[in-house]
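# Inside the fold
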Amino acid sequence: EELLYMSSKAQYKPPKAIRGGIPVCFPQFGNFGGLERHGFARNKFWSHDEDPSPLPPANKQSSVDLILKSTEDDLKTWPHSFELRIRISISPGKLTLIPRVRNIDSKAFSFMFALRNYLYVSDISEVRVEGLETLDYLDNLIGKERFTEQADAITFDGEVDRVYLNTPTKIAVIDHERKRTIELRKEGMPNAVVWNPWDKKAKTIADMGDEDYKTMLCVDSGVIEPLVLLKPRE
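These notes cover the structure that comes with them. Sequence order sets the numbering: in each chain, residues are counted from 1 along the sequence as written. Reporting in this predicted model follows two pLDDT cut-offs: at least 70 for local features of residues, and 80 or more for side-chain atom pairs to be given and counted; totals over whole chains, interfaces and linings ignore these cut-offs and use all residues. Water and hydrogen atoms were dropped before computing side-chain values, which therefore reflect all heavy atoms in the structure.

### A short note on the sheet that holds strand S8 (residues 127–130)
Two strands make a pair as long as DSSP finds a minimum of two bridges between them. Counting from the N terminus, the helices are DSSP H or I runs at least four residues long and the strands are E runs at least two residues long. Within the open sheet, the 3 strands sit side by side as S8-S12-S13. Their pairing is antiparallel. With partners counted over all chains shown, the strands left at the sheet margins are S8 and strand S13 (180–185), one partner each. Direction aside, the axes of adjacent strands within the sheet are offset by 15° on average. Where strand S12 (residues 170–175) lies against S13, 6 bridges are found, and the strand directions are antiparallel. Considered in S13, the bridge of Ile 171 is made with Leu 184. Angles shown run from 0 to 180 degrees and are taken between the N-to-C directions of axes, each axis being a line fitted to C-alpha atoms and, for helices, limited to the stretch in contact.

This is how it looks when you write it as structure tokens:
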């Protein structure tokens with residue numbers, strides 16, 4: 001049974017990002033500066049990480065350790081040397097991702113990071129998101145204007161694109177039609193991005209089916225506001 005959404009029109013042609021799953025957004029999220037939207041990490045081929053230390057072995061779970069290192073092309077667009085590692089572990093009913101960024105440059109750099117969690121839901125109009133009530137958020141549909149969430153849970157009847165600030169470690173996505181709750185647990189990522197394009201925006205996205213918005217919801221884990229500052233060798 002699918003838990004992650006994959007677009008019916010997803011394109012598997014590098015260097016285009018794949019619409020679905022959990023794209024890794026680094027070194028930026030959204031649009032700013034001269035970089036492509038959501039950064040370049042999600043468009044790259046990663047390698048198997050032969051030395052995932054200092055993480056303990058993931059003995060009781062199926063796991064893989066991957067690594068992405070800056071290339072000469074990356075340095076032309078973003079002049080900072082880095083190593084980006086991620087461990088992906090799967091056990092019954094649980095998917096765990098542990099990302100780590102290391103600065104191997106001689107100077108400090110700042111970055112954003114996010115895991116864009118494309119969740120598969122039965123009917124977006126029957127979904128509630130709990131855990132973000134009373135929090136401040138930046139509304140990307142209104143020029144990143146700041147608001148406070150007034151509802152006791154987030155429900156959907158139109159396009160939503162918000163960056164919630166100072167979010168808790170646990171957020172619940174309740175799928176009423178499927179009688180299931182997806183728990184999102186995160187550490188070290190204070191932001192949560194909630195996104196659904198709804199019908200008009202979905203029709204303008206080339207690699208998304210016109211009706212796909214009904215069965216997908218992004219509730220992302222991120223560190224977007226403020227940026228992460230990483231010193232050399234940190």
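### Points about the packing of aromatic side chains
Think of it this way: a Phe, Tyr or Trp ring, Trp meaning its six-membered ring, pairs with another when their centres are within 6.5 Å, and the plane angle makes it stacked under 30 degrees, edge-to-face over 60, tilted otherwise. All chains considered together, the criterion is met by 15 aromatic pairs. Consider the rings of Tyr 5 and Tyr 118, whose centres lie 5.7 Å apart with planes at 35°: the pair is tilted. Taken together, the positions of Tyr 5 in the segment before strand S1 (24–25) and Tyr 118 in strand S7 (residues 118–120) put the pair 113 residues apart, joining distant regions of the chain. In this structure, Tyr 5 and Tyr 118 share a single accessibility class: buried. Considering the side-chain rings of Phe 26 and Phe 113, the 6.4 Å spacing of their centres and the 55° angle between planes classify their relative orientation as tilted. Of the two residues, Phe 26 is situated in the loop between S1 and strand S2 (47–48) and Phe 113 in strand S6 (residues 109–115); the sequence distance between them amounts to 87 residues. Note on classification: 1.4 Å probe, protein chains only; a residue is buried when its accessible area is under 20% of the maximum for its type, exposed when over 50%, partly exposed between these limits.

### Thoughts on a nonpolar patch on the surface
Within the patch definition used here, like charges are joined within 9 Å and nonpolar side chains (Val, Leu, Ile, Met, Phe, Trp, Tyr) within 5 Å, considering only residues with over 30% relative accessible area and no salt bridge. Calculation of accessible area relied on Shrake-Rupley with a 1.4 Å probe; when residues are assessed, cover is drawn exclusively from the protein chains displayed. The term salt bridge refers to a side-chain nitrogen of Lys or Arg lying within 4 Å of a carboxyl oxygen of Asp or Glu. There is a patch of nonpolar side chains on the surface, built from Met 6, Tyr 12 and Ile 18 and spanning about 310 Å² of accessible area. Mapping Met 6 onto the fold places it in the segment before S1.

### What about the side chain of Asp 105?
Mapping Asp 105 onto the fold places it in the loop between strand S5 (94–103) and S6. In the analysis that follows, any N or O atom pair within 3.5 Å is treated as a polar contact, provided that within protein one partner can donate a hydrogen and the other can accept it, and provided that, for residues neighboring in sequence, both atoms belong to side chains. A distance of 3.0 Å separates the side chain of Asp 105 from the backbone nitrogen of Ser 81, its partner in a polar contact. Filtering out sequence-adjacent residues up to four positions away, Asp 105 remains in contact with Pro 79, His 80, Ser 81, Pro 232 and Arg 233. Any two residues whose heavy atoms approach within 4.5 Å are treated as being in contact.

### Quick notes on the side chain of Ser 89
Along the chain, Ser 89 turns up in strand S4 (residues 82–91). Non-local contacts of Ser 89, meaning those with residues more than four positions away in its chain, are made with Ala 58, Gln 61, Ser 62, Ser 63, Lys 94, Leu 95 and Thr 96.

### Here's the deal with the nonpolar core
In terms of nonpolar packing, the biggest core is built from 30 residues, with Val 129, Leu 132, Phe 156, Val 173, Val 194, Leu 217 and Val 219 touching the most fellow members. Every element with two or more residues in this core is listed here: S7, S8, strand S11 (160–164), S12, S13, strand S14 (191–196), helix H2 (198–204) and strand S15 (216–230). Sort the elements by how many residues they give to this core and S15 lands first, with 4 residues. The contacts of Leu 217, once residues within four sequence positions are left out, are Asn 117, Tyr 118, Leu 119, Ile 124, Val 127, Val 129, Phe 156, Val 173, Val 194, Trp 195 and Asn 196. Residue types Ala, Val, Leu, Ile, Met, Phe, Trp, Tyr and Cys, when buried and joined through side-chain atoms within 4.5 Å, form a set referred to as a nonpolar core. Within the second largest apolar cluster, 19 residues are counted, among which are Phe 26, Leu 68, Trp 78 and Phe 82.

### A look at unusual backbone geometry
Omega for the peptide link from Phe 26 to Pro 27 comes to 5°, which places this bond in the cis form. Relative to the assigned elements, Pro 27 resides in the loop between S1 and S2. For the bond running from Ser 53 to Pro 54, omega is 10°, close enough to zero to count as cis. Locating Pro 54 in the fold gives a position in the loop between S2 and strand S3 (62–69). Here the phi dihedral of Lys 179 falls at roughly 50°; this positive angle occurs in a residue that is not glycine. As for its position among the elements, Lys 179 is in the loop between S12 and S13. The exposure class assigned to Lys 179 is exposed, which follows from its relative accessible area of 77%. Phi angles above zero are rare outside glycine, and Arg 233 is one such case at about 70°. One can find Arg 233 in the segment after S15.

Everything listed here is a matter of geometry and, on its own, says nothing about what the molecule does.
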